[in-house]
Amino acid sequence: MCDNSLFTFHHGSSTAYLLLYVDDIVLTASSDCLKNEIIALLKTEFDMTDLCKLSYFLGISVTRSAATMFLCQRKYAEEIVYMAKMANCKIMPTPVDSKSKLSANEGAPVSDLTLYWSLVGALQYLTFTMPDIAYDVQQVCLFMHDPRESHFAALKRIIRYVKGTLDFGLHLYPSAPNKLLSHTDADWAGCSDTRHSTSDYCIFLGDNLISWSAKRQATLSRSNAEAEYRGVANVVAEII
């Protein structure tokens, strides 16, 4: 597996997955018998408490129903809004102004660098359940080395959008997936400073969104077709 925190067990028809972060563990298995056996073995090695069904993990709440599992970071998103001192701000219907492009040297330098860095870092973690802000967060990340007031204004717009979408999250559906489906796109020479393109993709396993990305391409593309092909190469590599 590509995730160093995910441990897998396969034996015949039995399968188990264990996700570990410091001292927090998420465990699932193909049968309750196997799951209980693994828990018993873990308890012989160190003290641990079984909190039963997953409801909260690393700031992500998990709500179950018969038809879906819903992942949401409402509490974490509220903390971001309060960190920015924007609890009473005006809500925006979209996280970005699509008519304007950010430039590296536009406007005066940001007066509070620490706040800018902290908010951008916090928003990066929020994209785990809000892929709709992935592109916009990627844009403000590009200016971490020398943020300007125009970049801070774009950052605040994202937070205004987040404030109005606190209950947004990621739905996971029970299904028998038999294929991976991907979508990808690229804007040719979209960066006004470097003329580099930005490509993005999303990947579905059955009905479930499992991977997404928005990233500026590392090299220049001489045509829209070349930028699109680079985007396709990125999503193919992720699928493999």
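Scroll up to find the structure this text is about.
Worth saying up front: this structure is predicted, and the values here are computed from it rather than measured.

Q: Would you mind going over the nonpolar core in detail, with residue names and values included?
A: Judged by nonpolar contacts, the single largest core of 27 residues is most densely connected at Ile80, Tyr116, Leu123, Leu126, Leu155, Ile159 and Val162. Listing elements by their share of this core, those giving two or more residues are α2 (74-83), α3 (113-126), α4 (134-141) and α5 (149-164). With sequence-adjacent residues up to four places away left out, Ile80 is seen in contact with Leu119, Ala122, Leu123, Leu126 and Ile159.

Q: Tell me about the sheet that holds strand β1 (residues 6-11), residues and numbers included.
A: Taken in spatial order, the 3 strands of this open sheet run β1-β2-β3, and their pairing is antiparallel. Strands with a single pairing partner mark the edges of an open sheet, and in this sheet they are β1 and β3 (24-29). With direction set aside, neighbouring strand axes in the sheet form an average angle of 10°. Looking at chain direction, β1 and strand β2 (residues 14-21) are connected through 6 bridges and run antiparallel. The residue bridging His11 from the neighbouring strand is Ser14, located in β2.

Q: Which residues make up the packing of α3 against α4, and what values do they have?
A: The geometry of a pair of packed helices is captured by two quantities: the angle between their axes and the separation between those axes. Where α3 contacts α4, the axes come no closer than 10 Å and their chain directions differ by 150°. Considered as vectors, α3 and α4 are oriented roughly antiparallel to each other. By crossing handedness, the relation of α3 to α4 is classed as left-handed. Counting all contacts with α3, which are made through Tyr116, Val120, Leu123 and Gln124, the residues of α4 involved are Val137, Val140 and Cys141. Partitioning the contact of α3 with α4 into residue classes produces 6 nonpolar, 1 polar and no charged.

Q: A description of α3 should follow, citing residues and the corresponding values.
A: Relative to the 20 Å expected for 14 residues at 1.5 Å per residue, α3 spans 20 Å between its end C-alpha atoms, a close match to the ideal helical length. Buried residues of α3: Tyr116, Leu119, Val120, Ala122, Leu123 and Leu126, and no others. Seen end-on, α3 carries its buried residues on one side only, within an arc spanning 165°. Lining the buried residues of α3 we find α2, α4 and α5.

Q: So what's going on with a nonpolar patch on the surface? Residues and values would help.
A: On the surface, a nonpolar cluster with roughly 300 Å² of combined accessible area is contributed by Leu180, Leu205, Ile210 and Ile239. Checked against the element boundaries, Leu205 lands in strand β9 (residues 198-205). Classification of Leu205 by relative accessible area gives partly exposed; the value is 32%.

Q: Could you give me a rundown of the sheet that holds strand β6 (residues 69-72), with the residues and numbers involved?
A: Taken together, the 4 strands give an open sheet; going across it, the order is β4-β5-β6-β7, and neighbouring strands pair in antiparallel fashion. At either margin of the open sheet sits one strand with a lone partner, and together these are β4 (56-57) and β7 (169-172).

Calculation rules
Within each chain, residues carry numbers counting from 1 in the order of the written sequence. Selection of residues for local features in this predicted model requires a pLDDT of at least 70, selection of side-chain atom pairs for listing and counting requires 80 or more, and totals for whole chains, interfaces and linings are taken over all residues. Here the side-chain values reflect all heavy atoms present in the structure, with hydrogen atoms and water set aside. The criterion is simple. A nonpolar core is a set of buried Ala, Val, Leu, Ile, Met, Phe, Trp, Tyr and Cys residues joined through side-chain atoms within 4.5 Å. Three labels apply to residues, based on accessible area from a 1.4 Å probe with only protein chains included: buried if under 20% of the type maximum, exposed if over 50%, partly exposed otherwise in between. Numbering of helices and strands starts at the N terminus; helices are DSSP runs of H or I of at least 4 residues and strands are runs of E of at least 2. Contacts are assigned to residue pairs that have any heavy atoms within 4.5 Å of one another. Should DSSP find at least two bridges between two strands, the strands are regarded as paired. Whenever a helix is involved, its axis is fitted only over the stretch in contact; in every case the axis is a line through C-alpha atoms, and angles between N-to-C directions fall within 0 to 180 degrees. Roughly parallel means an angle under 35 degrees; roughly antiparallel means over 145; roughly perpendicular covers 65 to 115; every other angle is labelled oblique. Whether a crossing is left-handed or right-handed is set by the direction in which the near helix is turned from the far one by less than a right angle, anticlockwise for left-handed and clockwise for right-handed. Under the scheme applied here, ten amino acids are nonpolar (Ala, Val, Leu, Ile, Met, Phe, Trp, Tyr, Cys and Pro), four are charged (Asp, Glu, Lys and Arg), and all others, including Gly, are polar. One less than the residue count of a helix, multiplied by 1.5 Å, gives the span that helix is expected to have. An arc is given here, and it is the one of the directions from the helix axis to the C-beta atoms. Patch membership is restricted to residues that have no salt bridge and whose relative accessible area is over 30%. Joining uses 9 Å for like charges and 5 Å for the nonpolar side chains Val, Leu, Ile, Met, Phe, Trp and Tyr. For every accessible area listed, the method is Shrake-Rupley and the probe measures 1.4 Å; residues are considered covered only by the protein chains on display. A pairing counts as a salt bridge when a side-chain nitrogen of Lys or Arg comes within 4 Å of a carboxyl oxygen of Asp or Glu.

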